[in-house]
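# Reading the structure
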Amino acid sequence: MASTKLPQHDYDIIIIGGGPAGFTAGIYAARAGLKTLLLEGASTVSQITITDLIENYPGIPDGINGLDLMQLFKSQALKFGLEILSQDTRSISKSDSEPALWIVNAGDKSFQTLSIIAATGAQWRKLGVPGETEFAGKGVSYCATCDGPFYRNRDVVVVGGGDSAIQEALFLTHFATRVTVVHRRDRLRAAAILQKRAFAEKKIEFVWNAVLAEVAGGDFVTGAKIKDVVSGEMKTINAEGVFIFAGRLPHTSIFHNIVQQDNAGYIITNDTMNTSAAGIFAAGDCRAKLFRQVVTAAGDGANAAFSAELYIGNLKGEAY
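Report on the accompanying structure. These numbers come from a predicted model, not from an experiment. (Residues numbered from 1 in each chain as written. Predicted model: local features only at pLDDT ≥ 70, side-chain atom pairs only at ≥ 80, totals over all residues. Heavy atoms only, no water.)

## Let's talk about the pattern of salt bridges
The condition that has to hold: For this document, the term salt bridge refers to a Lys or Arg side-chain nitrogen within 4 Å of an Asp or Glu carboxyl oxygen. Elements are defined by DSSP. Helices are runs of H or I of four residues or more, strands are runs of E of two residues or more, and each kind is numbered from the N terminus. Using a 1.4 Å probe on the protein chains alone, a residue whose accessible area is under 20% of its type maximum counts as buried, one over 50% counts as exposed, and one in between counts as partly exposed.
According to the stated counting rule, one finds 10 salt bridges in the structure shown. Salt-bridge contacts for Lys74 lead to Glu40; the nearest nitrogen and oxygen are separated by 3.3 Å. Remark: Glu40 occurs in strand β2 (residues 36–40) and Lys74 occurs in helix α2 (residues 66–79); sequence separation between them is 34 residues. Accessibility expressed as a relative area gives 22% for Lys74, which makes it partly exposed. One salt bridge in this structure joins Arg197 and Glu55, with 2.7 Å as the shortest N-O distance. With Arg197 in helix α5 (residues 192–200) and Glu55 in the loop between β2 and α2, this pair connects stretches of sequence that are 142 residues apart.

This is how it looks when you write it as structure tokens:
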């Protein structure tokens, strides 16, 4: 098929987000010879960079620090010629040209691209209880691997029952004297292997059918007030740290009214990472899916880059 004349544009693909999904997409796109820019948020970091140990990533049997793993991703992407810019993306819009281009505004710059891969990730959800905001950085944390060493020989509370909560609770046992896990249900949602480790750990205690009602303290946290969801009874657990793991919020606000999202704000895609908008693909924690891990984010990124490559080939009349 003959090559098609396209409107002037800066990039074939712009990837928004610098986590495992974004950098994997960058590796595949750059290696395919596509002119690709990755916008690495200036004010946000990938959740993986604050993970102390990743022990289930294939090919690394001894485990690796999250930041170190991301440096490997980044180095590999740069080797294939990926361009990287550390700027927050402010807005996205569509041009009036035919075919339409996507206009991406990041920092004080504006770029036109044939396609976009959304790899913006997600952040931890806040509970909004009294004391949570007031004691942020003074005993309230959302990252055990960041702040765990500050709680050596102290009592801490972990709120949540999923993989992240239990994994971080286990990590905190390296420092804390006692780790009390508060969960709103009567059983955990975490993977079986994590549950087994947590139940066998003498430093971890569990409070079932309970929610965090308030974080108490003076200059710093002194305790967590919890409420029994069955009886309504309130009690205080003495602790100097409260670690909250209550789910995530996707970083997808710049895609509102551009692509279809679910009720929680996650971007809806098909199996090939196509969104509801032609030329926009999504990968990693920002998209609606069941399982969010580094390996699934990387898989998403590879799929998104390949789908974008096919889309661009069609635009250029180079598909076969």
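## Some details on helix α1 (residues 20–31)
How we decide: In this scheme, a helix's expected span is set at 1.5 Å multiplied by one less than its residue total. Contacts are assigned to residue pairs with any non-hydrogen atoms lying within 4.5 Å of each other.
With 12 residues, α1 ought to run about 16 Å at 1.5 Å a step, and its terminal C-alpha atoms sit 16 Å apart, in line with that. Buried residues dominate α1, accounting for 10 of its 12 residues. Looking at the packing, one finds that the buried side of α1 touches β1 (11–16), β2, α2, β3 (83–86), β6 (109–118) and α6 (294–316). Once α1 ends, the next one or two residues include Gly33, with phi positive near 85 degrees.

## Quick word on the pairing of strand β11 (residues 204–207)
Let me state the cut-off plainly: Here, any two strands with at least 2 DSSP bridges between them count as paired. Whether a crossover is right-handed depends on one test, that the path from the first strand over the helix to the second runs clockwise when the strands point away from the viewer.
Sheet topology places strand β10 (residues 178–182) next to β11; 4 bridges connect them, and they run parallel. Of the residues in β11, the one forming a bridge with Thr180 is Glu205. In this region the chain leaves β10, passes through α5 and returns to the parallel neighbour β11; the handedness of that crossover is right-handed.

## Looking at the packing of helix α4 (residues 163–172) against α5
Quick note on the threshold: Between N-to-C directions, angles cover 0 to 180 degrees, with each direction set by a line fitted to C-alpha atoms, over the stretch in contact for helices. The sense of a crossing depends on the near helix, which, turned anticlockwise from the far helix by less than a right angle, makes the crossing left-handed and, turned clockwise, makes it right-handed. Each residue receives one of three labels: charged for Asp, Glu, Lys and Arg, nonpolar for Ala, Val, Leu, Ile, Met, Phe, Trp, Tyr, Cys and Pro, and polar for the others, Gly being one of them.
Running from N to C, α4 and α5 cross one another at 40 degrees; their axes reach a closest spacing of 10 Å. Note on packing geometry: the crossing formed by α4 with α5 is left-handed. Contacts from Asp163, Ile166, Gln167 and Leu170 of α4 reach α5 at Leu194, Arg197 and Ala198. Residue composition of the contact of α4 with α5, by class: 4 nonpolar, 1 polar and 2 charged.

## Observations regarding the sheet that holds strand β8 (residues 140–141)
The strand order across the open sheet formed by 5 strands is β8-β15-β9-β10-β11, and the pairing between neighbours is parallel. Taken across any chain shown, the strands that pair with only one partner, and hence form the sheet edges, are β8 and β11. The strands touched by α4 are β9 (155–159), β10, β11 and β15 (241–244); relative to β9, the strand with the most contacts, the crossing angle is about 170 degrees.

## A short note on α5
Definition in use: Note that the arc is defined by the directions from the helix axis to the C-beta atoms.
If you check which residues of α5 are buried, you get Leu194, Gln195 and Ala198. On an axial view of α5, the arc spanned by its buried residues comes to 100 degrees, and they lie on one face. Looking at α5, the residues exposed on the side facing more than 90 degrees away from the buried face are Ala192, Ile193, Lys196 and Ala200. On its buried side, α5 packs onto α4 and β11.

## A short note on the side chain of Glu132
This is how the line gets drawn: A positive count includes Lys and Arg, and a negative count includes Asp and Glu. His and the chain ends are not counted in either.
Within the fold, Glu132 resides in the loop between β7 (122–124) and β8. No salt bridge is formed by the buried Glu132; the nearest opposite charge belongs to Lys126, separated by 6.2 Å. Excluding residues within four positions of it along the chain, Glu132 makes contact with Lys126, Leu127, Val140, Tyr142, Val215 and Ile244.

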